[in-house]
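Architecture and fold: a report
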Amino acid sequence: MGADGAGSRMIWLGALFVLLTCLAAVSPVRCVPYAASQVKVLLDCQKAWGKTFTAWALENAYCPNVTEYGNPFCDAKGMVTSINLGGGNLHGTIPASLGNLISLTYLDLHGNYLARPIPSTIASAACSTWI
């Protein structure tokens, strides 16, 4: 193969690199560090419910952003935007500090055994789309 073949391969490799870079830029944020305020709230939840969510990866302070039951999703700033704990057989109370997740837009706690009342910090959260 001559110089033309090698040049053609370099162009294709360059184009592939650009394409993969663009795809990475629009894909969901993965393994972003939690904002410090978010870790405290998630620890409060674990304490209130007497359950440790190892998938929350609080020990290494990284939001996993993977589609599995209970995993929080975070934005690029490490702010929790979504938590799905529906049907998790959780017991206890809903900590008032959950209202400090100011970027939370989705919270699913259905099918659990959580004591009432719902804290006003959560009940009045304008940013939550479903609780």
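Residues numbered from 1 in each chain as written. Predicted model: local features only at pLDDT ≥ 70, side-chain atom pairs only at ≥ 80, totals over all residues. Heavy atoms only, no water.

So, on to unusual backbone geometry. The omega angle of the peptide bond from R116 to P117 is 0°, so this bond is cis rather than trans. Among the structural elements, P117 can be located in the loop between β7 (113-115) and α3 (120-123). At N89, a residue that is not glycine, the phi angle is positive and equals roughly 55°. Residue position: N89 is located in the loop between β4 (80-84) and β5 (91-93). (Helix = DSSP H or I, 4+ residues; strand = E, 2+ residues; numbered from the N terminus.)

This part covers the pairing of β4. Among the five residues in β4, four count as buried, and that is most of the element. Judged from the two bridges that link them, strand β3 (residues 73-74) and β4 form a sheet pairing that is antiparallel. Note that in β4 the partner of F73 across the bridge is S82. Where β3 hands over to β4, the hairpin turn is made up of five residues, of which G78 adopts a positive phi near 85°. Pairing geometry for β4 and strand β6 (residues 106-108), over three bridges, is parallel. Bridged to S82 within β6 is Y106. (Buried < 20%, exposed > 50% of the residue type's maximum accessible area, 1.4 Å probe, protein only. Pairing = 2+ DSSP bridges.)

Looking at the secondary structure, you find Q46 in helix α2 (residues 36-49). Setting aside residues up to four positions removed in sequence, Q46 forms contacts with K51, T52, F53, W56 and L58. (Contact = heavy atoms within 4.5 Å.)

A separate point is the environment of Q38. Structurally, Q38 is set in helix α2. Excluding anything up to four places from it in sequence, Q38 contacts G78, M79, V80, N100 and L101. Within the local environment of Q38, its side chain forms a polar contact with the side chain of S37, the two groups lying 3.1 Å apart. (Polar contact = N/O pair within 3.5 Å; in protein donor to acceptor, adjacent residues only side chain to side chain.)

Counting residues in hydrophobic clusters, the biggest one holds 24 residues, and the most contacted among them are Y34, W49, W56, V80, I83, L85 and L98. Of all elements in the fold, only α2 and β4 reach the threshold of two or more residues within this core. For this core, the element with the most residues is α2, which contributes five residues. (Core = buried A, V, L, I, M, F, W, Y, C linked by side-chain atoms within 4.5 Å.)

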